[in-house]
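Coordinate inspection notes
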Amino acid sequence: MLETTAVSFSGDNTQVELRLIPNTHGPVSAEDIESLLKQPDFAMLFPIVPAINKAVSEVNALCGQDSGVHELFFVIAERKDGQVAIEISDDHMHANMTITSAWGGQEVSLPTVLTTLKANKVKMGLSKPKIMSLMKQLEVLPPGETCKAEIAHGKPAVNGENAYLTRKVPLARERLLQPQEREDGTVDMRNLGAMITVKPNDVLMVKTPATEGTAGYNIHGDILNQVPGKDVELTPGEGTCLQPNNPNVLIASKAGQPVENRKGMQVDDTLEIKEVNVRHGHVNFKGSVLIKGDVQEGMQVKATGDVTVMGFIDSASIEADGDVIASKGVIGRQAGEGKFTTSIKAKGQICAQFVQYSHLEADGDILVTKQLLHSHSTTKQTITVSDTTKRRGDLVGGRAEAGKGIRAVVFGATAGTKTELYCAMDQSTLKTHLKELDESVKALVVARLDIEARLHKLPPKSEWQTDAGMIEQVKMMLEQKKLITEEQHKEEFEHQTLLNEVEGYYKNYFIQANKHIYTNVEIHLGQAQQRTQREHGPCVVRNINQELNFDYSTS
């Protein structure tokens, strides 16, 4: 064991010096030297491990040698002041502070902390209680130990909410889903209740305005601009007007049938016809059409509003700028390969109880409550073949194409009828648009940086502040930068929204069977496809890694 007198403070009291004579004190070990530093006078000092190892090596190498009679000198410990370290997150929204307790030196003080924060440009979102809590821990923290906490965080920008329109009146198509209930509790599918009409001053639609959102900031004090919500137009259609004291409320200006369109609503004059046949002639009406009977073979009906047929549509053509509602059914026949005698086109939705051998094309949803048989149905939205109880609804034969999902109680038939389903086929188009947006955002960033570079190259303001032409030029550059920045934020928000849709595309758009998918059903989901070789029970079919996945757990 080494004598305690082998170590002593340096003249300035900041270091611990070790003096050893190899032939007298050797051989030694690192533990021998470290035991000397456990004395109360030295225990709070920082041990210099490389110096201790060097001392052991040199003393032991000279021990027993002629040169081992000379004293060797080593500095094996020193005082070290406490340390402060700031760690800033990559997004500059969070700052963590780590304090290391002193080794016999000066402990970290509040002025040191403030100086370090300033050096790291941390000036917003600071929490004084958290800083003081860390400082308080120094009172019990052993030498060299650390404590860490988040002491500053920024405030994220809150993007504005998009405006949206809320319809306040029912539409004709909703009558199909709400047949009248008899006194005994059963449902009369033939009685759909009274025709839906409105009178002047009835509220049709209410607009909830977009919000601006609130700006945020990072820990350096940089402003984080928010993206204002997107506005939507509430445009009065024919027979409607905005409420005089509230432009966000659309009201009826005349009596008639309410019809929803892309920008709001309209109130149509309603043409009531008993039956459309050869005797009556074709119908082309500016407004909505209510046909109380059938539309017979070879007849055409066109309307700028809804077309509601209380009877059957039989081998006829219907076109509507609104919805087409067939209360009883749609009947057609084959007129060649892939051609049918009945055609229905709607810029709104198509709703029917029963459809066979017909061509359906809608901008909105297609809803069939009982059977969709051997038809060609196309929509960018969804196709649903089901009643409200989800116990009945057969999609058999033909081809069904829907951008955002196909749902039915049963697909195909026990006889193995060929049935083609195409869903979620537009991801590549969305990806192309996403790429274009990405390139546009990058171009806007380059343009903004170019303006900022030009602004930075301006001479000192004192040299041009009296030059009217120069002032106007600077104003134009600042205004241009503002417009580019606003457009960049809008396109970044649109890019993120589209990116979310692309990434969640096959998660959100799928094919669902409530009871069965029979054999010989061709399923196409994006690039994934399969013809069923066996019967499947209730399931959801999704595209997972370009392969069809049948999930039986979520039905």
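Look a little higher up for the structure.
Residues numbered from 1 in each chain as written. Predicted model: local features only at pLDDT ≥ 70, side-chain atom pairs only at ≥ 80, totals over all residues. Heavy atoms only, no water.

Here's the deal with the overall build of the protein
Along the backbone of the protein there are nine helices and 43 strands. For a compact globule of 555 residues, the expected C-alpha radius of gyration is about 24 Å, and the protein comes in at 40 Å, more than 25% above that figure. Projected onto the principal axes, the alpha-carbon positions of the protein cover approximately 130 × 75 × 50 Å. The long-range fraction of contacts in the protein, counting pairs at least 24 apart against all pairs at least 6 apart in sequence, stands at 50%. Accessible surface for the protein amounts to roughly 29600 Å². Of this, 50% is attributable to carbon and sulfur atoms. For the protein, the distance from the average site of its 60 positive side-chain charges to the average site of its 72 negative ones is 8 Å. (Helix = DSSP H or I, 4+ residues; strand = E, 2+ residues; numbered from the N terminus. Rg over C-alpha atoms; globule rule 2.2 N^0.38 Å. Contact = heavy atoms within 4.5 Å. Areas by Shrake-Rupley, 256 points an atom, 1.4 Å probe, with all protein chains shown as cover. Lys, Arg positive; Asp, Glu negative; His and termini not counted. Charge placed at Lys NZ, Arg CZ, Asp CG, Glu CD.)

Thoughts on the sheet that holds strand 1 (residues 7-9)
In space, the four strands of this open sheet follow the order 1-2-4-3, with antiparallel pairing throughout. Both edges of this open sheet fall to strand 1 and strand 3 (46-47), since each of them pairs with a single strand only. Summarising the sheet, strand 2 (residues 15-20) and strand 4 (residues 72-78) pair through six bridges and their orientation is antiparallel. The residue of strand 4 that forms the bridge with Leu18 is Phe74. Sheet strands touched by helix 3 (residues 49-62): strand 2, strand 3 and strand 4. Its angle to strand 4, the strand with the most contacts, is close to 160°. (Pairing = 2+ DSSP bridges. Axes fitted to C-alpha atoms, helices over the stretch in contact; angles between N-to-C directions.)

Observations regarding the packing of helix 6 (residues 427-456) against helix 8 (residues 468-503)
Packing of helix 6 against helix 8 leaves a shortest axis separation of 9 Å and a crossing angle of 155°. As summarised for this structure, helix 6 and helix 8 are arranged roughly antiparallel, according to the angle between their axes. Crossing hand, helix 6 versus helix 8: left-handed. For the contact of helix 6 with helix 8, a count of residues per class yields 16 nonpolar, seven polar and 11 charged. (Parallel < 35°, antiparallel > 145°, perpendicular 65-115°, else oblique. Left-handed = near helix turned anticlockwise from the far one by under 90°. Nonpolar A, V, L, I, M, F, W, Y, C, P; charged D, E, K, R; others polar.)

Focus: the sheet that holds strand 16 (residues 240-243)
Across the sheet, four strands lie side by side as 9-12-17-16; this open sheet has antiparallel pairing. Edge positions in the sheet fall to strand 9 (164-167) and strand 16, since each has one partner strand and no second. Pairs of neighbouring strands in the sheet enclose a mean axial angle of 25°, with direction left out of account. Strand direction decides the pairing type here: strand 9 and strand 12 (residues 203-208), joined by four bridges, are antiparallel.

Regarding the pairing of strand 12
Bridge analysis of strand 12 against strand 17 (residues 246-252) gives three bridges, and the strand direction is antiparallel. Residue pairing in the sheet places Val206 in a bridge with Val249 of strand 17.

Some remarks on helix 6
The periodicity of an α-helix, 3.6 residues per turn, causes residues three or four positions apart to be oriented the same way. Taking 1.5 Å of rise per residue, the 30 residues of helix 6 would be expected to cover 44 Å, and the 43 Å separating its terminal C-alpha atoms lies within 8% of that figure. Listing the buried residues of helix 6 in full gives Gln427, Leu430, Leu434, Leu437, Val441, Leu444, Arg448, Ile451, Glu452 and Leu455. Tucked into the core, helix 6 has its buried residues touching helix 8 and helix 9 (505-508). (Expected span 1.5 Å × (residues − 1). Buried < 20%, exposed > 50% of the residue type's maximum accessible area, 1.4 Å probe, protein only.)

Some words on helix 4 (residues 110-119)
Those residues of helix 4 that fall on the buried side of the exposure criterion are Val113, Thr116 and Leu117. Burial along helix 4 is one-sided: seen end-on, the buried residues are contained in an arc of 100°. Among the exposed residues of helix 4, those pointing more than 90 degrees away from its buried face are Pro111, Thr115, Lys118 and Ala119. Packed against the buried residues of helix 4 are strand 5 (83-88), strand 6 (94-100), helix 5 (128-137) and strand 7 (146-153). Looking one or two residues past helix 4, Lys121 carries a phi angle of roughly 60°, positive in sign. (Arc of directions from axis to C-beta.)

Structural notes on the environment of Glu401
One can find Glu401 in strand 36 (residues 399-402). Along the backbone, Glu401 and Ile219 are 182 residues apart, and their C-alpha atoms lie at a distance of 51 Å. Apart from residues no more than four positions distant in its own chain, Glu401 is found in contact with His376, Ser377, Thr378, Thr379, Ile383 and Tyr422. At a separation of 3.2 Å, a polar atom in the side chain of Glu401 contacts the side chain of His376. Polar contacts involving the side chain of Glu401 include one to the side chain of Arg399, which spans 2.4 Å. (Polar contact = N/O pair within 3.5 Å; in protein donor to acceptor, adjacent residues only side chain to side chain.)

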